[in-house]
Each structure stands twice: as C-alpha cells, then as structure tokens.
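# Coordinate analysis (summary)
Letter by letter, the chains look like this.
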Amino acid sequence: MLTKRIIPCLDIKDGRTVKGTNFVNLRDAGDPVALAAVYAEQGADELVFLDITATVDERKTLIELVRNVAHTINIPFTVGGGISSVADVSALLNAGADKISINSSAVRNPNLINELALEFGSQCVVVAIDTRFVNGEHIVHTHGGRKPTELRTIAWARELEERGAGEILLTSMDTDGTKAGFALELTAQISGAANIPVIASGGAGTMDHFVDVFTTGKADAGLAASIFHFKEIEIPDLKGYLREKGIEMRI
Amino acid sequence: MKTVIIKYNAGNVQSVMYALDRLGASYLLTDDEAEIRSADKVIFPGVGEASTAMAYLRERGLDKLIPSLKQPVLGTCVGMQLMCRYSEENNTTCMGIFDIDVRRFPNEAGLKVPHTGWNNIHTLRGPLTEGLNDNSYVYFVHSYAADVCPETTAICDYVRPFSAMLHRDNFYAAQFHAEISGNVGQRILENFLTL
C-alpha cells in the first residue's frame, strides 16, 4: 500500500538551517547537509529545502548545497525559494534536486506551472500554497504569508492541478508555528478538490496531530520543521506511533 | 567495469549519476553507439513523456540499438515503459523488449494519479532483489504502468496490481526510482552492477 509520507522541512539562509515561528525570529538549527543525512537515516520519506533569502548572490551557495545534499542522501528531496524561471529550475534539477517548489512566482505567472510541467514533467513540479483565513474565506497569500492575493485557495488548488502541478504543498498561515495542529478541514477540502498529492504543513506539535492530518485531513504527506530540528518529536518514534494507529508507513 | 548511462531527452539523470557515485561506481553518460556497445552494464533511465522520448530514440537509432544489446541493461521509470510493447501515453509504439503494454491508472476515488510516494513491492524474484525482504518500500512517481505478466519479477499494488520490475534475458527494468529509494534502491543498483 502507498504510505503516507513524513517530510522534515529545512529552511535555508546563507547555507544554514533556520526555522522561525510564523516566519519571523529565525533560529539556527544546524548544517543542512548533516541534518539531511540524519533525517534520511532516521527514516524521513523525503526532504524539503526552502531557501528563504534567495538573492542572486546566494543562488550559487544554494546550488552548491543542493549538489552536496544530492551526493549524500538516497531519498527524494525538493528545493524551493526564489524560483521564477525555467532556467532556475533547470539549474536546481541539474544540481540533483528531484523536485522544485514554486510559490509567489506561480501566483504572479501561473503559466510558469504549465511551462515547467511541459519541460521537466509534472512529477518534479510542487506548487506551494500559503493560505490564511480572511473574512470567512481561505485566501492565498505570498511573501511568507504577509501579502494577500485575489486567489481563493480551493479554486487555486484545482487550477494548479489543471496546469500540471505534480503536488501541492499547503501551508496554513493560521496554524503555522502554533504547534496546535494542522488545518484539518482545509487540508481535507484541498485533498478532495485536487487529484494530486497534498503535503500538509503548519501547526504540527504532537504525534497525534500527524494522525489527524492523515485521517481527518486526508493529507498524503505531513511536513514539519522545528519539532524535528529540536528533537521534540523523533522520526522513528513518530512513524512507529502512526503505524500503531493503522496508518501505512515505511519503516 | 564500464557502466554507461544512455543519454537522451528524457529528463533529469543527475540523481542516477549521484546514486552511482555513492556506490563508488564510475560511469559514462553518452548516446554514442560504440561506447554503449562496449559497456559492461547499461542503464537506461527516463523521466518524461513516452512519445517524445520514443521519437528521440528513433531519430538516433537508439530504438534499434537498445534491444540488440547483449550485456545487462537496466531501464528505470519511463525507460522501463519504453522497453515494453506499447504505451497508452499518446498512443506510443515502444521497443517491445518486454511482451506487455503500459496503461494509464484509471481515476478512482481516493487514489490519486500520479502514483506518488513509497509503496511496497512483493512476489520478488530474480537477481536484482536478492537480499531484500518481501514488501520492501521503494519510491514511485508515475501515471502509467505495465500490467503483471510472465516477465514480472516484482509486483506493486496501486488501483490494480502492476509490474514494479521486469526481467527477460539480459534486460531488467524497474518502474520505481531505485536511485532515490533509500537503502533498498541502493541494494537493487548494487545487485545490478555486480551481475
């Protein structure tokens, strides 16, 4: 049976791992390559690297990091942050990334999704959605969740699938950093609306939160950062617990 | 030992190259006939769309070269599909090394397409899965799959049972991405390189 996936997310700044609460107050949690190797060894199903300060100068650092990660680990990994063109994606895939994740650039230029799917295949195109509940509606946000757009989240998810996205990385800005659990209802709605895998992100604090997101939330994968980086939850314990709860896990 | 990765237009082969690096194996990425013929092992990877890939292979004569190879050949993902008879993906006649067709997964409630993620393979036989436990997990990303047939050497279940691996004579194939399938994938590649 297809397993649910556990995905640690490494936020990268200047080649180092950081993770903030609600995307501010960044804290340093180590060397990304070493951390990636530890997670792969512990049984992480996949890794996501988000370059949160992707300027032109830092791009080279990121490419070098991607190359080192690809050389080190034997599980799939996704790279996101500051990607706005076919050339950006080509450079990351050539360095060894298995998938790329786009967010603001997809909102600015939705056609980029079609272009990337055509050029590289849907399997490597992850589109991230940062969403916030505003005046009774789920609205897509950009710029780390600060800037609202005109897009309704569920309609946008459907559009992404039609344009050729391979997966959706859904982050609820309402739950992110709270450790009070994933946005279950919205995740289930997105998972029902689009027939591509949904990676749920934002709000993981306990092992039961993962149980909830895979059952009630109907997510295909659960992503978290600080709880893994600061060893509040260890991946082998989490996967063992989820399997006990009847959720298919690769152990 | 000389390992060749066949170079063509089907996507990103970097992760295959890195996987061979991790195993300490040297390799050459090429579409040159003489280089391919003189290799001890040939890897035929593939990510992308079947008809475009087949058209490219035909243009270069690789569609005739690959089936005529005598050394061990390993096709992965779309590479495997192109080694089958026919693919439903844009109605593509493939190389016909394996006597089976490739069909799209039907849309069924709760089962998303592409089949993305880690799934278990069972009913294992043949040298490539030596040392692996039944129901080992490997990483898949695909919307099309070959049915189960006499050449099937590993089965995976998603919507329907399909061929996760195939083997005939010197030809081997895996639908999943062994190169990013953790220690299980590493073992499969090792088994291939030591055939």
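Residues numbered from 1 in each chain as written. Chains lettered and ligands numbered in written order. Predicted model: local features only at pLDDT ≥ 70, side-chain atom pairs only at ≥ 80, totals over all residues.

All names here are of chain B. Here we have four strands laid out as an open sheet, ordered S6-S5-S7-S10, and mixed in their pairing. The two strands at the open ends of the sheet, each matched to only one other strand, are strand S6 (92–93) and strand S10 (144–146). Sheet analysis places strand S5 (residues 86–87) next to strand S7 (residues 101–104), joined by two bridges and oriented parallel. By the bridge assignment, Ser 87 is partnered in S7 with Val 102. (Pairing = 2+ DSSP bridges. Helix = DSSP H or I, 4+ residues; strand = E, 2+ residues; numbered from the N terminus.)

Right, let's talk about the sheet that holds strand S4 (residues 73–76) of chain B for a bit. All names here are of chain B. Read across the sheet, nine strands follow the order S2-S1-S3-S4-S13-S12-S11-S8-S9 without closing on themselves; strand pairing throughout is mixed. The open sheet has two edge strands, strand S2 (27–30) and strand S9 (136–142), and neither has a second partner. Direction aside, neighbouring strands of the sheet carry axes that sit 30° apart on average. Pairing of strand S8 (residues 115–122) with strand S11 (residues 152–158) involves two bridges; the strand directions are antiparallel. Of the residues in S11, the one forming a bridge with His 122 is Ile 155. (Axes fitted to C-alpha atoms, helices over the stretch in contact; angles between N-to-C directions.)

Here we take up the packing of helix H3 (residues 86–95) of chain A against helix H5 (residues 111–120) of chain A. Residues and elements named next belong to chain A. The interhelical angle for the contact between H3 and H5, taken along N-to-C directions, is 40°, at an axis separation of 10 Å. Taken together, the axis directions place H3 and H5 in an arrangement best described as oblique. As for the relative orientation of H3 and H5, their crossing is right-handed in sense. Residues Val 86, Val 89 and Leu 93 of H3 lie in contact with H5, whose contacting residues are Glu 115, Leu 116, Glu 119 and Phe 120. Residues belonging to the contact of H3 with H5 are distributed by class as follows: five nonpolar, no polar and two charged. (Parallel < 35°, antiparallel > 145°, perpendicular 65-115°, else oblique. Left-handed = near helix turned anticlockwise from the far one by under 90°. Contact = placed C-beta atoms within 7 Å. Nonpolar A, V, L, I, M, F, W, Y, C, P; charged D, E, K, R; others polar.)

A few words on the interface of chain A and chain B. Between chain A and chain B, the residue contacts involve 24 residues of the former and 28 residues of the latter. Broken down by secondary-structure element, the contributors of at least two residues to the side of chain A that touches chain B are helix H2 (56–72) and H3 of chain A. Partitioned by chemical class, the residues of the side of chain A that touches chain B number nine nonpolar, nine polar and six charged.

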